[in-house]
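Listed below, chain by chain, are the residues.
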Amino acid sequence: MDKLSIADLHIVLVEPSDTQRKIITTLLLKENVREIDAVSSIEEARKAIESHSADLVVSAMYFEDGTAIELLKFIKDNPQYATIPFMLVSSENRMVKLEEFKQAGVAAILPKPFEPLHLSRALRASLDLINHDELDLEFFDVHEVRVLLVDDSRLARNHIRRVLESMGLKKITEAENGAMALTHIKDTPFDLVVTDYNMPEMDGRELSEFIRFSPDTAHIPIIMVTSESSDSMHMANIQQTGVNALCDKPFEPTEVRAMLAALLGE
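From a predicted model like this one, the values you see are computed outputs, not experimental measurements.

**Looking at the overall build of the protein**
Within the protein one finds ten helices and twelve strands. A compact globule built from 266 residues would reach a C-alpha radius of gyration of about 18 Å, and the protein, at 19 Å, matches this within 12%. The C-alpha extent of the protein, read off along each of the three principal axes, is 60 × 40 × 30 Å. Within the protein, the fraction of its 266 residues that count as buried is 52%. When contacts within the protein are restricted to residue pairs at least 6 apart in sequence, those whose partners lie at least 24 apart make up 68%. With the model as given, the accessible surface of the protein reaches about 12500 Å², and the carbon-plus-sulfur share is 48%.

Right, dumping it as structure tokens:
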């Protein structure tokens, strides 16, 4: 399958404000997007997707008939549409509101207003999710790399799995929390652990400490995925556990590719 470019993208734009819809449409056209279905409600967006699908959904957060999280879950819970990247555009800045989108596997979150550079980066991150470009590793056959993926959110696991699989990683074992991950680690050797930070029973920090301080697993590279602020005390504590890399949510392919190349050798 040929790789898509920005010009090839068919975008469903969901925005209740006529003015904002025109502004975002104009910015998308300037990025060389040619096919845009602009709608104003969740219901219209569902109908547009069901009618002729989409390569990318760009959505505001609040609508008269619901919120963007309902549309995002409609997409992610439907096998036919689950791989469609979802970009949130919102003036919402409360972390508690944005956290649900991060956990659900949103491809990008743009503030209102946003700079053209931010839109360009988000579009390219979305393209990375659509186009598969395998890692070429010097010391590993990428298809044989054994990954343990740990996250209590099923939607987040699905998103991270798709990112990893798009790079050629196929041997991925999933766990819902650190305690479940430990049962896998005791029975199976892994080449890489990708873990969320906030989880019930055993969080990512505790899991990382176990891996790093056990002689049998101390060598395994660990990528910590988190929506916590990178300069917070939590992150300082995490780094002390020997985590090899910290990755923000949304889980961006370009950033992850660089991490994997550094950790596994490219």
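**With respect to the packing of aromatic side chains**
All chains considered together, the criterion is met by one aromatic pair. Over the ring of Phe 74 we find Arg 46; its NZ or CZ atom is 5.4 Å from the centre of that ring.

**What about the sheet that holds strand 1 (residues 10-14)?**
Here we have five strands laid out as an open sheet, ordered 2-1-3-6-7, and parallel in their pairing. On the outer flanks of this sheet lie strand 2 (35-39) and strand 7 (108-111), each paired with one strand and no other. On average, adjacent strands in this sheet sit at an angle of 20° to one another, irrespective of strand direction. Alignment of strand 1 against strand 2, held across five bridges, turns out to be parallel.

**Some words on a negative patch on the surface**
Taken together, the side chains of Glu 43, Glu 44, Glu 50, Glu 64, Asp 65 and Glu 70 define an acidic patch exposed on the protein surface. If one sorts the elements of the negative patch by residue count, helix 2 (residues 42-52) sits on top with three residues. In this fold, Asp 65 is placed in the loop between strand 4 (62-63) and strand 5 (66-67). Relative accessible area serves as the criterion here: at 34%, Asp 65 is assigned to the partly exposed category.

**So, the sheet that holds strand 8 (residues 146-150)**
Strand order in this open sheet of five strands is 9-8-10-11-12, and the pairing throughout is parallel. At either margin of the open sheet sits one strand with a lone partner, and together these are strand 9 (171-175) and strand 12 (245-248). Averaged over all neighbouring strand pairs, the angle between strand axes comes to 20°, with direction disregarded. As judged from the four bridges shared by strand 10 (residues 192-196) and strand 11 (residues 222-226), these two strands associate in the parallel manner. By the bridge assignment, Val 193 is partnered in strand 11 with Ile 222. Its contacts with the sheet put helix 10 (residues 253-264) on strand 10, strand 11 and strand 12, and the angle it makes with strand 12 is roughly 170°.

Rules used throughout
- Residues numbered from 1 in each chain as written.
- Predicted model: local features only at pLDDT ≥ 70, side-chain atom pairs only at ≥ 80, totals over all residues.
- Heavy atoms only, no water.
- Helix = DSSP H or I, 4+ residues; strand = E, 2+ residues; numbered from the N terminus.
- Rg over C-alpha atoms; globule rule 2.2 N^0.38 Å.
- Buried < 20%, exposed > 50% of the residue type's maximum accessible area, 1.4 Å probe, protein only.
- Contact = heavy atoms within 4.5 Å.
- Areas by Shrake-Rupley, 256 points an atom, 1.4 Å probe, with all protein chains shown as cover.
- Phe/Tyr/Trp six-rings, centres within 6.5 Å; stacked < 30°, edge-to-face > 60°.
- Lys NZ or Arg CZ within 6 Å of the ring centre and 35° of its normal.
- Pairing = 2+ DSSP bridges.
- Axes fitted to C-alpha atoms, helices over the stretch in contact; angles between N-to-C directions.
- Patch = residues over 30% accessible without salt bridge, like charges linked within 9 Å, V, L, I, M, F, W, Y side chains within 5 Å.
- Salt bridge = Lys/Arg side-chain N within 4 Å of Asp/Glu carboxyl O.
- Lys, Arg positive; Asp, Glu negative; His and termini not counted.
- Charge placed at Lys NZ, Arg CZ, Asp CG, Glu CD.

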